[in-house]
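Topology and contacts: notes
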Amino acid sequence: MISVCERDYIIGGVQANARGDGRRRTDARPLLSFELGAVPQASGSAKSAALLVGVKVAIAEVSHVGAQADDDDDVETMNTRSKHLGISEDSIRKYSDFCSKLLNSDAGGLDLASLCFVPNTTCWVIHVDVLVLAYTGNLLDTMFQAIRAALANTLIPKVSVEESGSGLARSFEFDVADEETEELKGVNDIPAVVTLYKIGNYHVIDPTPLEELCSDVQLTVAISRKGLPCAIHKYGSGSVDPSLLADMIQDAKKHGLASLEWMDREIQREKLRLSNLE
Amino acid sequence: MALDSKRIKGPEKSFVPLPLLVQSTPTPTPTSTKTKGRIDGRGTDEVRPLFATTRLVRQASGSAFVEVGGVKVVCAVYGPKPVPASKVQDHHSGGRISCDVRLSPFAALKRKQFMKEPAEHSLSNNLHTALLPSLLLAHLPKSQIDIHIQILQAQNPTSIPPNAFVSSLSLLLAPCITAASLALADAQIEMMDSVVGCNLGIYRNPSTQKLFWMVDCTEEEIETRSNGGGVWVGNCVVGVMPSIGKVTGLVMDGDIGDVGFVMEAVQVCVDACAKIHEVVVKKALIESAQAKE
């Protein structure tokens, strides 16, 4: 809930390119740093001040014949305090939907084919669960960053597959190693997600919860490492002029690349820390 | 997933009957991909013939039926009806809409289980986003409009069976948007403008690596993943209010190129929607108004 005066104040501020916390329209807050491997029983995890992400991998059978996508990222935001935090069920479903769709698509970066070890029947399924500890606005972007970090930390057991017979009698036996693990392939190519919030006639990035309430259009853009958008979804109750879209995507690109660069450094630093611990 | 125990479940797995498979396997036509044209001989910016009518469901406040290619969609709108006082969360904001998109179990070659799939949820959500900007909900406080969509047929019976049932869902969104908006108009609900949906496939030329687009792709063009000498890399669904020229819904996925290409694709969809609106939707609206007199 937001009062009319507060709304007017924020919209006027955005128009004047001055936001409540002193930022300009396209300034982001300093990004939160992550701690990798915080949950020992998970296959991979990342923790920041606002989020906790756990990744579990499991073996599953693919039932439909001729399937290509063999990974089913089940992103669920379990939110025990969601009422208190002011996040609606709807937006949580929306975010889960977007994340799993993006990670399962060709543009998602992950090498899904490598997760399938018996062709067309058996594969690894990666389950990602996000727990929101504090809500500071711009949840989808920070959530996806944390998921990205957790996937970079994920190790899956090595599987050896033996093939016997041929033709129709062809059968596979596989053995999951106890100790040996390998990293997920293609984690580096997972895009960054930037959401632009249109407030009045302008758009901002990284809004606070109050600013979010004033925005009628949200444009979520995934930016690949090459700086190209690879998914664009519009949310919110307003409509947008096609000419404004170009500006929004251009800003998303700038911010997305910066965020990817920062993530690289962060993951590198954490990996170094973890290897020093061993 | 929990199943409804009162319903006969039907088999867990289903298979495409052999005769259909045999008939459809030779369809990926290497000849048509060599020539520059599309599989069905349309131009790149040409939309398929579209049939739209209203007043199909008599009990509903408004209803519409849209058929394009193999996709058949029925939409019924109920309301605006009052929301019980106990369920009104805040008294300041206007009314609300609820969208429910269901795929019939018999909509495609493979049978779908009765329970709602995640894909249907995302279809409902995207439809909700695309319709909201067109409605003047501030004029309808404490009331609700229910929009129910049943997809009778999701693909052409003669086309290639898709890998998964859900793969062609992006194709279903555009007709759903058009049908829902038409039904809302038929229910005489105040709107800024009717919303028209259009999809666009993005293809990459394997030799030059250049991207190009095709408006209103058929499921065949996406399933074979090749068209007009290109490889399918992404798709885009746009909902537009044609008279105002504003974009209400936008879903783009896949390798969609740089900003310039994205804007070009959106603009092409906006133009295609204006065409559909001018030729088909307006006519259906006039017919609906005349029938009411």
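Residues numbered from 1 in each chain as written. Chains lettered and ligands numbered in written order. Predicted model: local features only at pLDDT ≥ 70, side-chain atom pairs only at ≥ 80, totals over all residues. Heavy atoms only, no water.

**Details of the pairing of strand β10 (residues 202-205) of chain A**
Residues and elements named next belong to chain A. Heads up, the condition is: Pairing between two strands requires that DSSP report at least two bridges joining them. To qualify as a helix, a DSSP run of H or I must reach at least 4 residues; to qualify as a strand, a run of E must reach at least 2; elements of each kind are numbered from the N terminus.
With four bridges joining them, strand β9 (residues 192-199) and β10 adopt antiparallel strand pairing. Bridge pairing in β10 links Y197 to V204. Between the antiparallel neighbours β9 and β10 lie two residues, among them G200 with a positive phi of about 65°.

**Quick notes on the sheet that holds strand β5 (residues 143-153) of chain B**
Hydrogen bonds along the backbone pair up the strands of a sheet, which may run parallel or antiparallel. All names here are of chain B. This is how the line gets drawn: Here an angle of 0 to 180 degrees is reported between the N-to-C directions of two axes, which are lines fitted to C-alpha atoms, with helices fitted over the stretch in contact. Here, residues are in contact when the closest pair of their heavy atoms is within 4.5 Å.
Ordered by their spatial adjacency, five strands build an open sheet running β1-β2-β3-β5-β4, and the pairing between neighbours is mixed. In this open sheet, the two strands that pair with only one neighbour each are β1 (50-54) and β4 (96-103). For this sheet, the mean angle separating the axes of adjacent strands, direction not counted, is 15°. Here strand β3 (residues 71-82) pairs with β5 via nine bridges, running antiparallel. Of the residues in β5, the one forming a bridge with K81 is Q144. Where helix α3 (residues 118-131) meets the sheet, its contacts fall on β4 and β5, and the angle it forms with β4 comes to roughly 140°.

**A few points about helix α3 (residues 89-104) of chain A**
Rules: In a helix, the anticipated span is given by 1.5 Å times the number of residues less one. For each residue, the accessible area found with a 1.4 Å probe, counting protein chains only, is set against the maximum for its type, and the residue is called buried under 20%, exposed over 50%, and partly exposed in between.
Taking 1.5 Å per residue as the helical rise, α3 of chain A with its 16 residues ought to reach 22 Å, and the 23 Å between its terminal C-alpha atoms agrees with that figure. Turning to α3 of chain A, its buried residues number three or more, namely S91, I92, Y95, S96, F98, C99, S100, L102 and L103 of chain A.

**So, the pairing of β4 of chain B**
Within a regular strand, side chains alternate between the sheet's two faces. Residue and element names in this part refer to chain B. The criterion, for reference: Handedness rule for crossovers: strands pointing away from the viewer, path from the first strand over the helix to the second running clockwise, crossover right-handed.
Alternating residues of β4 divide into I97, C99, V101 and L103, all buried, and R96, S98, D100 and R102, none buried. In this structure, β4 lies alongside β5, joined through eight bridges in parallel fashion. From the neighbouring strand, R102 faces β5, where its bridge partner is Q150. Crossover β4 to β5 through α3 is left-handed.

**Overview of the confidence of the model for chain B**
Residue and element names in this part refer to chain B. Where we set the bar: On a scale of 0 to 100, pLDDT captures the predictor's confidence in every residue.
Summing up the model confidence of chain B, the mean pLDDT is 82 and the portion of residues at 70 or higher is 82%. When pLDDT is averaged over each element of chain B, strand β2 (residues 62-68) comes out on top at 94 and helix α2 (residues 30-34) at the bottom at 40. Counted against residues more than four places away or in other chains, residues 24-35, with its pLDDT under 50, gives 16 contacts. Within the model, pLDDT remains below 50 along residues 162-166, and this stretch shows 16 contacts once partners closer than five positions in the same chain are excluded.

**Considerations on the environment of R55 of chain B**
Residue and element names in this part refer to chain B. With respect to the secondary-structure elements, R55 resides in the loop between β1 and β2. On the basis of relative accessibility, which here comes to 29%, the residue R55 falls in the partly exposed class. Along the sequence, R55 and V231 sit 176 residues apart, while their C-alpha atoms lie 41 Å from each other. Ignoring anything within four residues of it in the chain, the contact list for R55 reads S63, D186, A291 and K292.

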